[in-house]
Amino acid sequence: MALTDVFISPAGAGDNSGSSIANALPAISSGDWSTNIEGLDRANKRFVFLEGTYNVTTKLTFTGSAPTDTQPNQWVGAKSDGTILRPKFDETGLRLDLTNYPLFVCSANVQMIDTEENTYYKCLSFENTNSSYSQGSIIEQSTADIDQQMWFGCNFKATPGNGNSEVMIANATNYHTCVFEATTKNFDRVLDVRANSRIDNCRIIGGGVGNPVNGDGDGLTTTTHTAQIRDCVITNCHGKGIHMTSTSVKTTINVSNCTIVNNGGDGIDTDQDVAMNSIISPNGEANIIFGNGGVGLRADASDDRQPGFQLLAMGDNSGGNFADMDSYEDMIDVIAVTTADFFDYASLDYRIKRGSTLYKLFGDRNMGAIQNEDFEFASVS
C-alpha cells in the first residue's frame, strides 16, 4: 500500500487541505507550530515539506493516529514545485548542499520535535539558534520512540551553551549522509551514539579547536560495542574525535574509512580506567587520523590484547600516533600523511589530491571518507 502524500508549507495556500501543492497545509501559525499539523494522522502518510523556513519556539507533539510498522510515516523535503530532494554534499564534501531544503529553526531552549518509531526522514534541515541551548538532542530521541527510525540526508545544527550538552543523540538509530554541527566550543559531544546505531557517510563538525569555553568537546562518544561508524568526517572539535566511554569488558568499536582530523584531543580514545580489556576492532582499515592535539589512537592501558587497525594514514598528531598499544602498534601499516595530501587543509577541505599516496589507494577509492571525483584539472595548450 502506497503512502498518501500530504503537502505542507510554512505558510500554506488554498483550502489548506494538504491534498496538493496549491493547497499546502500550513505548518506554522503566529510564529510557532500550527494546530493543523499537530492534529495530523501519521499512519501510512508521507509528509512532503516544501522549501522555506519554519520558525518555531515549542516542541511539535502530535495528537492524531501514530505510525505503525505496517503503516509508517515519512517526512521528505521538496522543492516548491513538489520535486522530492536527494541529498548531496557541497564541493568540499564536508557539508550538505542545502539548496531548496526545508529549514526548521527553533529559537527557544527546547527540543524541536517529539519523534516516533516507524518514521523516516529525508532531506530536512534542523537548527536551534538559542545561545543557551542545553536540551541535549535538538530532536527528541527517547528510548520509547526509536524503533525503526531512519534519517537520510538531514542537517542538524546548534549553538550549545552548556558543557554537558550535545547536538544530537543516535539511540538505536541509523543516520546516513547527515551533518551534525556545533557552532560553539561549549558542549560535551556533538553526537552521542547509543545502543545499536549505525552512522554512515556523515559529517561531525565542532565550533573550533583552540581556547574551549566549556565541556569535553568530543566529536562522537559511544558506550556501545554494536555501534558502527563508517565513512564519516570528524573535525574541528575542541576535544577528542571519537571517545569510547563504555565500562564493559572486552568492548570493541568499529570505525572504518573515516577522516578524523584537526581536533583538540586524541583522534580515537578507547582508554577507560574501569574498562579492562577494551579491544579496538580490527575492522577499521583505511582511516585517516591526522593533525589532532592528542594521540592519534589511544588504547586501554590495562589491556595487553590490542589488535588495532590494519591500515591507517597518520601524521602530525601532537602526542604521536599511538598510546598504550604495546607491541601491537607494530602490526599496523601506517601511511605517513602531511597537509599537502589534502586539497585545502586550512579551509577544512579534506579532499585528497590526485598526486597523494592516499588517492585511489585501493584502485577505486581514497583513504578516508571523502570519495571525490577527479576535481583537479590540468590546462591544455
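Residues numbered from 1 in each chain as written. Predicted model: local features only at pLDDT ≥ 70, side-chain atom pairs only at ≥ 80, totals over all residues. Heavy atoms only, no water.

### Considerations on the environment of Pro 160
And step 1. With respect to the element layout, Pro 160 can be found in strand 12 (residues 155-160).
And step 2. Along the chain, Pro 160 and Ser 131 lie 29 residues apart, while their C-alpha atoms are 6.6 Å from each other.
And step 3. Those residues in contact with Pro 160 that sit more than four places away from it in its chain are Tyr 133, Ser 165, Ala 182, Thr 183, Thr 184, Asn 186 and Phe 187. (Helix = DSSP H or I, 4+ residues; strand = E, 2+ residues; numbered from the N terminus. Contact = heavy atoms within 4.5 Å.)

### A closer look at the confidence of the model for the protein chain
And step 1. Per-residue confidence for the protein chain gives a mean pLDDT of 88; residues scoring 70 or more make up 89%.
And step 2. When the criterion is pLDDT under 50, residues 273-278 qualifies, and its contacts beyond four places in sequence or with other chains add up to 21 contacts. (pLDDT = per-residue confidence, 0-100.)

### Quick notes on the sheet that holds strand 16 (residues 189-194)
And step 1. The strand order across the open sheet formed by 7 strands is 13-16-19-22-25-27-29, and the pairing between neighbours is parallel. In this open sheet, the two edge strands, each paired with only one partner strand, are strand 13 (166-171) and strand 29 (322-323).
And step 2. Of the strand pairs in this sheet, strand 13 and strand 16 are connected by 5 bridges, and their pairing is parallel. When the sheet's bridge partners are listed, Glu 166 is paired in strand 16 with Arg 189. (Pairing = 2+ DSSP bridges.)

### Observations regarding the environment of Val 255
And step 1. Summarising the element assignment, Val 255 is placed in strand 23 (residues 254-256).
And step 2. For the pair Val 255 and Ile 268, spaced 13 residues apart in the sequence, the C-alpha separation amounts to 9.2 Å.

### Quick look at the side chain of Glu 140
And step 1. By the element assignment, Glu 140 lies in the loop between strand 10 (125-133) and strand 11 (149-152).
And step 2. Within polar-contact distance, the side chain of Glu 140 engages the side chain of Lys 59 at 3.1 Å. (Polar contact = N/O pair within 3.5 Å; in protein donor to acceptor, adjacent residues only side chain to side chain.)

### Things to note about the nonpolar core
And step 1. Membership of the largest hydrophobic core comes to 65 residues, with the highest contact counts inside it found for Ile 37, Phe 126, Phe 156, Tyr 175 and Phe 180.
And step 2. Counting residues in hydrophobic clusters, the runner-up holds 27 residues, among them Val 261, Ala 313, Ile 335 and Tyr 345. (Core = buried A, V, L, I, M, F, W, Y, C linked by side-chain atoms within 4.5 Å. Buried < 20%, exposed > 50% of the residue type's maximum accessible area, 1.4 Å probe, protein only.)

### Structural notes on the side chain of Asn 262
And step 1. Locating Asn 262 in the fold gives a position in the loop between strand 24 (259-261) and strand 25 (268-269).
And step 2. Looking at Asn 262, the relative accessible area reads 19%, which means it is buried.
And step 3. Apart from residues no more than four positions distant in its own chain, Asn 262 is found in contact with Val 209, Thr 235, Asn 236, Cys 237, Phe 290, Gly 291, Asn 292, Tyr 345, Leu 348 and Tyr 350.

### Describing the pairing of strand 16
And step 1. In terms of burial, strand 16 is a largely internal element, 5 of the 6 residues being buried.
And step 2. Across 4 bridges, the pairing between strand 16 and strand 19 (residues 218-222) is parallel. Within strand 19, the position partnered with Asp 192 by the bridge is Thr 221.

### Some points on the sheet that holds strand 20 (residues 228-230)
And step 1. Spatially, 2-1-5-7-9-11-14-17-20-23 is the arrangement adopted by the 10 strands of the open sheet, whose pairing is parallel. Two strands close off the open sheet at either side, each with one partner strand: strand 2 (25-26) and strand 23.
And step 2. Sheet topology places strand 17 (residues 198-200) next to strand 20; 3 bridges connect them, and they run parallel. Looking at strand 20, one finds that Ile 199 is bridged to Ile 229.

### Overview of unusual backbone geometry
And step 1. With phi around 55 degrees, Ser 30 is a residue other than glycine that occupies positive phi space.
And step 2. For Ser 30, a relative accessible area of 80% gives the class exposed.
And step 3. We note that Asp 324 has phi near 60 degrees; this positive angle belongs to a residue other than glycine.
And step 4. Turning to its location among the elements, Asp 324 is positioned in the loop between strand 29 and strand 30 (333-336).

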